[in-house]
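# Structural overview for review
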Amino acid sequence: MFPADTFVDELVRELVVEGETYNKEYVQKLVDKILELLRVRQELIDLILNNHMGMESGNITADQLSASSCYQYTDCADRGRLNHGAGNGRRGAWCAASNDASPWIQVDFGRKHVVSGVITQGRADIYRQWVKTYRVQYKSDSDDIFLDVEDGKGHAKTFQGNTDMNTEVTNKFPKPVTACAVRILPLTWNSHVSMRFELLGDGNMVTPQKVEKPGESLRRLGVEDGSIPDDQLSASSCYQYEDCATRGRLNQPASGRRRGAWCAAASDTAPWIQADLGIEYRVAGVITQGRYPRYNQWVTTYSVQYKEDGASDFEDVVGDDGQPMIFQGNTDKNTEVTNLLPASVDARYVRILPKTWHGSVSMRFEVLGNHKKR
C-alpha cells in the first residue's frame, strides 16, 4: 500500500517536531484521504480531456481542415473524419498525393484548446490503405511554429497507428498540450497514405455553424447535390459554353470539355452567379471553392445579394455600417470556405458578386440555410 510505512513514520516525526503529536493510525488515514482526493481529481481530468473534439460530428468544419496534398479532389482533408465512409463520389478517407514526400493533415481550432490524444482509422472503401506510424505536431498560437508532441526523453514521439482499414486506434499523448492547431504527420503506411481521425481533448468545443435559433443546424440547400436543377442556376456571363453557371456547383469536377467551375467572361466587369432556390428559405450563408483541377483560379472576396419570392429588386447583405458586406473568399482551388451572413434572410434567390479574384473569376458554391418556420 502506498504510502509505505516508513513514509508515514517520517511524517509522524515531522509533525512532532512542529510541536504537534499525532498517532500513526491518524496520519495514515489523513494520507489515504489525500491520495483518494488526488485520484478523484485525476479521474476528472482524464474525463474532461477524453472528449471527442468534433472531427466525427462535423463540429470541426471543412474550412478548419487542411492537408499537404490530396490524391484527387474527392479525397481531400474533409474526408479524413473518423467513421465517415465513402459516398456521393467521395472517398472514405483523406488520401495524400502519390508524390507527397512529407504528408500531413491539420485541424485549426481558431482558439486554444487542451488536446490529449488522437484516434485514427484507415480508408473506408475497397482499398486496403492505412497509416501505420505517425507523429503529431501542434501550435500554441497562430503565429508560432509547429512543435512536436514529445516522448518522456524530449524526442518527437512516434505513435503506432493502424493495422487494418476500420479499427479505431487510440493514442494518448504523454502529457496534454495547449494548441490552436494540431497536425498529424504519417511516417509509414500500408499501400498509400490514407487516414481518418478524431482528436481527444477538452470537449466538443468548436462551435458548429448554426442558424440563429440555438441547436438548429444548417442545411446545404441543393446546389451541390443537384436538388436545385440546372435551369435554376444563372450567371452574368460565361467564358465559354463549357463553364456556365451549371458548372458552379460545390465540389463539381471537370468532365470532358466541361470545366470544374463557373468562369465569367474576361470582359465581364460586374460578374455574378445566382441560384433560384425554388421556394423561400431562411438563408444563412454560403460555401465557396475555386476552379478544379488545372487552373489556379478562385474568387478572393465577394458580396451577396438576395431577393424574396415576388420581389422585383435584389437587396444587399449589409454589415454594421449599412454598406454591402464584403466576404473573404478562397485562397486556393479546392478548400471549402464557409461564410455566414450577419443575420439570416428570407430569400428565394441568392446572388454572389465576385469583387476580387486570383487568375480569373472562377467559382463553385453552395447556399446554406433552412426551411422557413410556418
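Given the structure is predicted, the values throughout are model-derived calculations rather than measurements.

Tallied over the entire structure, the rule returns two disulfides. At a sulfur-sulfur separation of 2.2 Å, the disulfide partner of C70 is C76. Between C70 and C76, the S-S torsion sits near 125°, and that sign places the bridge as right-handed. Assessed through its relative accessible area of 16%, C76 is described here as buried. What pairs with C238 in a disulfide is C244, and their sulfur atoms sit 2.1 Å apart.

If you trace the backbone, D243 turns up in the loop between β11 (233-235) and β12 (262-263). A relative accessible area of 0% means that D243 is categorised as buried. Among the polar contacts made by the side chain of D243, one reaches the main-chain amide nitrogen of Y239 at a distance of 3.4 Å. Apart from residues no more than four positions distant in its own chain, D243 is found in contact with C238, R259, A261, W262 and C263.

The biggest cluster of nonpolar side chains holds 28 residues, and the ones touching the most others in it are L277, V283, Y302, M363, F365 and V367. The element best represented in this core is strand β13 (residues 273-289), accounting for six residues. Filtering out sequence-adjacent residues up to four positions away, V367 remains in contact with R219, R220, L221, V223, L277, V283, G285 and V350. Among the nonpolar cores identified, the runner-up in size contains 27 residues, and I105, V177, I184 and L199 belong to it.

This next bit is on the pattern of salt bridges. In the structure shown here, the tally under the stated rule is 11 salt bridges. A salt bridge links D78 to R81, with the nearest nitrogen and oxygen atoms 2.8 Å apart. Among the ionic contacts, a cluster of salt bridges with common partners joins R220, E224 and E336.

Analysis parameters
Residues numbered from 1 in each chain as written. Predicted model: local features only at pLDDT ≥ 70, side-chain atom pairs only at ≥ 80, totals over all residues. Heavy atoms only, no water. Disulfide = S-S within 2.5 Å. Buried < 20%, exposed > 50% of the residue type's maximum accessible area, 1.4 Å probe, protein only. Helix = DSSP H or I, 4+ residues; strand = E, 2+ residues; numbered from the N terminus. Polar contact = N/O pair within 3.5 Å; in protein donor to acceptor, adjacent residues only side chain to side chain. Contact = heavy atoms within 4.5 Å. Core = buried A, V, L, I, M, F, W, Y, C linked by side-chain atoms within 4.5 Å. Salt bridge = Lys/Arg side-chain N within 4 Å of Asp/Glu carboxyl O.

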